[in-house]
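The chain contents come next:
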Amino acid sequence: MNVLFVSSEVAPFAKSGGLGDISASLPRHLKTIGHDVRVFLPLYGSIDARGTQEIIPGLVFQLGPHEIRVSIVAARLPGSEVPVYFVRCPSLYDRPGLYEQGPDEHLRFAVLCHAALRACQVLRFAPDIAHVNDWQTGLIPLLLKLPPFAGDRFFARTRSLLTIHNIGFQGIFEARHMAECGLAQATTLLHQEDLRAGRLGFLTTGVLHANAITTVSPTYAREIQTPEQGFGLDGLLRQRREVLFGILNGIDEDEWSPERDPHLRHHYSSADLSGKERNKAALLETARLPYQREIPLAAIVSRLAWQKGFDLCMPVLPGILQRRGMQLVVLGTGEKRYHDFFESLSRAFPQQVAFRPTFDENLAHRIEAGADLFLMPSRYEPCGLNQMYSLRYGTVPVVHKTGGLADTVWQYDERSGRGTGFVFEHFDEGGLSWALNRALGVWGTGSGEDRERWIQLQRNGMRLPLGWSHRIDEYVSLYRRLAPEASQ
Ligand code: ADP
Ligand code: GLC
């Protein structure tokens, strides 16, 4: 099938979180099994454009009062033959960050939507599926119903699929920006209540018009239909539940597996975990913390955001660090209050805690490989990749039972030896403290029989089928249901 895949992040070019990983690994796997997938994203200022090739020098179109001029430059997704098309428009994208709260944010991503479709016309690429991701690409399902795209034979068969990676971000703008988004003629097709309230929601528009909607885990697909977790879109999603599906993300095992991770000095597998211990020693040296085999090392690699539940760490971690010998390495950037907290924790426990307030891909891999435990107390988590990377690396996850965490981590049971991690149900201090103390209890002395038990627990997780090869069929069968003629 011909798949147009549009996203605001594609690793390694642009990544702030899991969306970047998925927008690279899913297209790569679709290509491997024979689909013609083309990926579009903005050419942000942070992307090194050397080695790219200009394939469409000038695309000019009108959005309200603005004459938009973009060009399209192409590259390949590393490690694959997937073409990546960057939308080049320096006045909109040549800025320090990927996202901004600025006055033209709607325009930045409306241009991405329009440019991707216009480029397909020029390239004579007729997509069977337009697979769009999150609010930044949410206008595409509607644009396909409007001129100049509706009625164009290149889009005659195109069906749209919107994947929601995080419903907490919806791209809500003032309705007066409608014309600048190229929607002046589409008033009747927009969400009427929003319009009356003076709002234009990119994600809402996608939810209204996509032929199908997926989100990144089955549990999250149920959760976003509830008022507690729907961030205001639950009603609309309930109306569209016949075409709403939860498909768990897969992980890219070429990038993320302890047997061949290019970032690791010491490779290892579930059969021989000795390399993991060497990675732990090396990681602690990097973190300037003392290494002792029997002391468990916990880790956090995350955006430091409200969603991730670190408010629970504030009352819980100091006591645990004091009472039980545990070490902690934290890699993350984000909100100031979490920076301040982890900073103060590392000052209070200089032998036990190291905080790295940076974005560091290489260190993220070395942490996954070197740590014993991984903390993910997320308030909500659409899928979550780090708990899956952790499982794969024998780094036992401690998680809140929500979204994709609930679908990927199974409570460890000491009697049967089954399970892959420690899961707490109630999002409160007691919950996190209970789960973390249980984990430390199972770790025990870190030697002898305790060690044997721990290795069994690690192996349970390492042997799970988490790669895309186990998931891709779910997307492909949905594509086929949407575009049956394409699969003849
Ligand atoms: P989310 O997308 O909500 O941030 P995920 O668990 O799906 O959460 O994905 C997070 C991704 O971002 C992982 O690949 C993780 O390793 C990466 N990541 C997050 N923070 C950092 C950081 N400070 N340095 C390097 N990688 C990070
Ligand atoms: C979002 C979610 C995260 C998910 C990722 C990739 O950023 O917060 O849970 O894993 O998208 O789908």
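Just above, that's the structure.
Residues numbered from 1 in each chain as written. Chains lettered and ligands numbered in written order. Predicted model: local features only at pLDDT ≥ 70, side-chain atom pairs only at ≥ 80, totals over all residues. Heavy atoms only, no water.

Quick word on the sheet that holds strand β5 (residues 83-88)
So, step 1. If you trace the nine strands from one edge of the open sheet to the other, you get β3-β4-β5-β2-β1-β6-β7-β10-β11, paired in mixed fashion. Two strands bound the open sheet, and with one partner strand each, they are β3 (53-63) and β11 (244-246). The average undirected angle you get between the axes of adjacent strands in this sheet is 25°.
So, step 2. Note that strand β7 (residues 159-164) and strand β10 (residues 212-215) share four bridges and pair parallel. Looking at the pairing, L161 lines up with A212 of β10.
So, step 3. Its contacts with the sheet place helix α1 (residues 18-32) against β1 (2-6), β2 (36-42) and β6 (129-133), and it is angled at close to 160° to β2.
So, step 4. Strands β1, β6, β7, β10 and β11 of the sheet are contacted by helix α17 (residues 472-482), whose axis makes an angle of about 145° with β7. (Pairing = 2+ DSSP bridges. Helix = DSSP H or I, 4+ residues; strand = E, 2+ residues; numbered from the N terminus. Axes fitted to C-alpha atoms, helices over the stretch in contact; angles between N-to-C directions. Contact = heavy atoms within 4.5 Å.)

Brief notes about the site of ligand 2
So, step 1. Around ligand 2 sit 14 residues in total, of which H165, N249, E381, C383 and G384 are the nearest.
So, step 2. Between ligand 2 and E381, the relevant distance is 2.5 Å, taken from an oxygen atom to a side-chain nitrogen or oxygen of the residue.
So, step 3. In the complex, 94% of the free accessible area of ligand 2, which totals 310 Å², lies under the protein chains.
So, step 4. When residues in the shell around ligand 2 are grouped by element, the largest group, three residues, is from α1. (Near = heavy atom within 4 Å. Polar contact = N/O pair within 3.5 Å; in protein donor to acceptor, adjacent residues only side chain to side chain. Areas by Shrake-Rupley, 256 points an atom, 1.4 Å probe, with all protein chains shown as cover.)

Observations regarding the packing of aromatic side chains
So, step 1. The tally for this structure, following the rule as stated, stands at 21 aromatic pairs.
So, step 2. Seen from their ring centres, F40 and Y85 are 5.1 Å apart, and the 55° between their planes marks the pair as tilted. Here the residue F40 occupies a position in strand β2, and Y85 occupies one in strand β5, the gap between them amounting to 45 residues.
So, step 3. The class of F40 is buried, set by a relative accessible area of 1%.
So, step 4. Considering the side-chain rings of F310 and Y338, the 6.1 Å spacing of their centres and the 70° angle between planes classify their relative orientation as edge-to-face. (Phe/Tyr/Trp six-rings, centres within 6.5 Å; stacked < 30°, edge-to-face > 60°. Buried < 20%, exposed > 50% of the residue type's maximum accessible area, 1.4 Å probe, protein only.)

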